[in-house]
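A closer look at the structure
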Amino acid sequence: MLKQMIDPQSISEFASWIEKYEKFVIIGHTSPDGDAVGSCMAFYHFLTFKGKKAQVVMPNVFPDFLKWLPGTETVAFYRNASRSPKNVERVEQVIREAEVICCLDFNELSRIDEVGELVQQSDAKILLLDHHLHPADFADITISFPEQSSTCELLFRLLSDLGHYEDMTTAEAACLYTGMMTDTGGFTYNSTRGDIFYIVSLLLDKGINKDVIYRKVNNNFTSARLQLQGAVLSRMTYLPAYHTAILTLSKELQQKLNYHRGDSEGFVNLPLGIKDVIFTCFLREDTERNEIKVSFRSIGNFPCQEVAKTFGGGGHLNAAGAERPGITLKQARQEVITVLEQFKEQLEEAYRAEQRVSYLLRKS
Ligand SMILES: [Mn+2]
């Protein structure tokens, strides 16, 4: 049995909205990932099953490896590659007419850019369902559990609490599984609780093929993308004294290897595969703006957001980023190395702590 987490009052209030209202809009965050698209599409299937008029809205497009998710052909994008005003009008209209707006996988309206202003102007009831820290106070019902692996895990709980498990389709289960899988890196982090796997087993009982889902999401690269990865890795700077590795991607290399937006997604994680590396940095020269995009990742308790702050950026403990306008890639790399010196003791401490972490899950 799943332990009840969501408070019964939120559940019954949302159930009453389903009774009362017909027009639902479901919104995921800008640059939607597997959890955003998965949770939005699962919610769309659920509300459609309930006989509601449901429309998923995304601030911008999601990557190709998520297009197979059932129902994505119905999504309305505020911005797409062609920036057509027709899209904007369509989104403005559905949000204007919405009676209920469901905000999934983000914690504040700034995470959905211009769409956030439309939500603010709307009179619709708002549900926020999310697992990011510090949810802003803009919803009528806020269901926020930062310790959940994913919004999809939380949505599974909500749908079960609403008595929907019996009627859940394979399509819905596939959407929910995708979000749980992608937000935990294929169940390699943020996923040490047993009930995550209990939920997975309930999703498998709905007939999904998790092996195929894994392949659709992860084995979907072009050969050019893999070649780009090889070129970036061959230029890696490894700094054992700081337990750090830095990757760079110049404009020149992007042109040479026919780079497309999103092709370097996930590169920042690659050096974490090196024994003894606990902190990584990926620097990419932007092709549109004169700036360097900076991403950081760490494992354990080394705080990425503290490093990002010194570059005017921000983020979380294990993932953060910044933008550095008006400098070269070389200068950016030198800046990082200089800052690493300030964090040297913290890096060493975090590295030592990581060595002490046990494979045994201590009950907290
Ligand atoms: Mn998420």
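Parameters at a glance
Residues numbered from 1 in each chain as written. Predicted model: local features only at pLDDT ≥ 70, side-chain atom pairs only at ≥ 80, totals over all residues. Heavy atoms only, no water. Donors = N, O, S within 2.8 Å, 3.2 Å for Na, K, Ca; no water. Helix = DSSP H or I, 4+ residues; strand = E, 2+ residues; numbered from the N terminus. Buried < 20%, exposed > 50% of the residue type's maximum accessible area, 1.4 Å probe, protein only. Pairing = 2+ DSSP bridges. Right-handed = clockwise from strand over helix to strand, strands pointing away. Contact = heavy atoms within 4.5 Å. Axes fitted to C-alpha atoms, helices over the stretch in contact; angles between N-to-C directions. Polar contact = N/O pair within 3.5 Å; in protein donor to acceptor, adjacent residues only side chain to side chain. Domains from an automatic or database assignment. Phe/Tyr/Trp six-rings, centres within 6.5 Å; stacked < 30°, edge-to-face > 60°. Parallel < 35°, antiparallel > 145°, perpendicular 65-115°, else oblique. Left-handed = near helix turned anticlockwise from the far one by under 90°.

With respect to the coordination of the manganese ion
Protein-derived coordination of the manganese ion comes from Asp35 (OD), Asp105 (OD), His131 (NE2) and Asp183 (OD), at a distance range of 2.2 to 2.4 Å. Considered as a linear motif, the donors of the manganese ion on their single chain read D-x69-D-x25-H-x51-D. With aspartate 35 in helix 2 (residues 34-49) and histidine 131 in the loop between strand 5 (125-130) and strand 6 (141-144), this pair connects stretches of sequence that are 96 residues apart. Overall, histidine 131 belongs to the buried group, its relative accessible area being 12%.

Re the pairing of strand 2 (residues 53-58)
A regular strand carries its side chains on alternate faces of the sheet. Of all six residues that make up strand 2, five are buried, and the element is covered over most of its length. Where strand 1 (residues 23-27) lies against strand 2, five bridges are found, and the strand directions are parallel. When the bridges of strand 2 are listed, valine 25 appears paired with glutamine 55. Remark: the strand 1/helix 2/strand 2 crossover connection has right-handed handedness. Looking at chain direction, strand 2 and strand 3 (residues 76-77) are connected through two bridges and run parallel. Of the residues in strand 3, the one forming a bridge with valine 57 is alanine 76.

Some points on the sheet that holds strand 5
Strands sit in the order 3-2-1-4-5-6 across an open sheet of six strands; the sheet is parallel. This sheet does not close on itself; its edge strands, each paired only once, are strand 3 and strand 6. Relative to strand 6, strand 5 runs parallel, the two being bridged by four bridges. Counterpart to leucine 128 in the pairing with strand 6 is threonine 142. Taken strand by strand, helix 2 contacts strand 1, strand 2, strand 4 (100-104) and strand 5, and its axis lies near 170 degrees from that of strand 2.

Quick notes on the side chain of aspartate 263
Here aspartate 263 lies in the loop between helix 10 (251-256) and strand 9 (279-285). A polar atom in the side chain of aspartate 263 sits 2.8 Å from the backbone nitrogen of histidine 260. When residues no more than four places from it in sequence are discounted, the contact partners of aspartate 263 are Arg225, Leu228 and Asn258.

Here we look at the domain arrangement of the protein chain
Examined at the domain level, the protein chain breaks down into domain 1 (8-218) and domain 2 (223-354). With centres defined by C-alpha atoms, the gap from domain 1 to domain 2 works out at 30 Å.

Quick word on the sheet that holds strand 11 (residues 314-315)
On the basis of which strands lie adjacent, the open sheet formed by six strands has the order 7-8-9-10-12-11 and mixed pairing. The open sheet is flanked by strand 7 (237-239) and strand 11, the only strands paired with a single partner. Bridging between strand 7 and strand 8 (residues 244-249) involves three bridges; their strand directions are antiparallel. By the bridge assignment for strand 8, leucine 239 is matched with threonine 244. Lying over the sheet, helix 12 (residues 329-342) contacts strand 7, strand 8, strand 9, strand 10 (291-298) and strand 12 (319-325), oriented at roughly 160 degrees with respect to strand 9.

Things to note about the packing of aromatic side chains
This structure, assessed with the given rule, holds twelve aromatic pairs. A centroid spacing of 6.0 Å and a plane angle of 20 degrees characterise the contact between phenylalanine 43 and phenylalanine 46, whose relative ring orientation is stacked. Taken together, the positions of phenylalanine 43 and phenylalanine 46, both in helix 2 and three residues apart, correspond to about one turn of that helix. On the accessibility criterion, phenylalanine 46 (0% relative accessible area) is buried.

A closer look at unusual backbone geometry
Unlike most non-glycine residues, serine 31 shows phi in positive territory, near 50 degrees. With respect to the helices and strands, serine 31 occurs in the loop between strand 1 and helix 2. Accessibility expressed as a relative area gives 44% for serine 31, which makes it partly exposed. Positive phi values are uncommon outside glycine, yet asparagine 258 reaches one of about 55 degrees.

Considering the packing of helix 5 (residues 151-161) against helix 7 (residues 194-204)
Direction vectors running N to C along helix 5 and helix 7 enclose 65 degrees, while the axes themselves pass 11 Å from each other. If you check the angle between helix 5 and helix 7, you find them roughly perpendicular. As helix 5 packs across helix 7, the resulting crossing turns out to be left-handed. Contacts from Glu153, Phe156 and Arg157 in helix 5 reach Asp195, Ile196, Ile199, Leu202 and Leu203 in helix 7.

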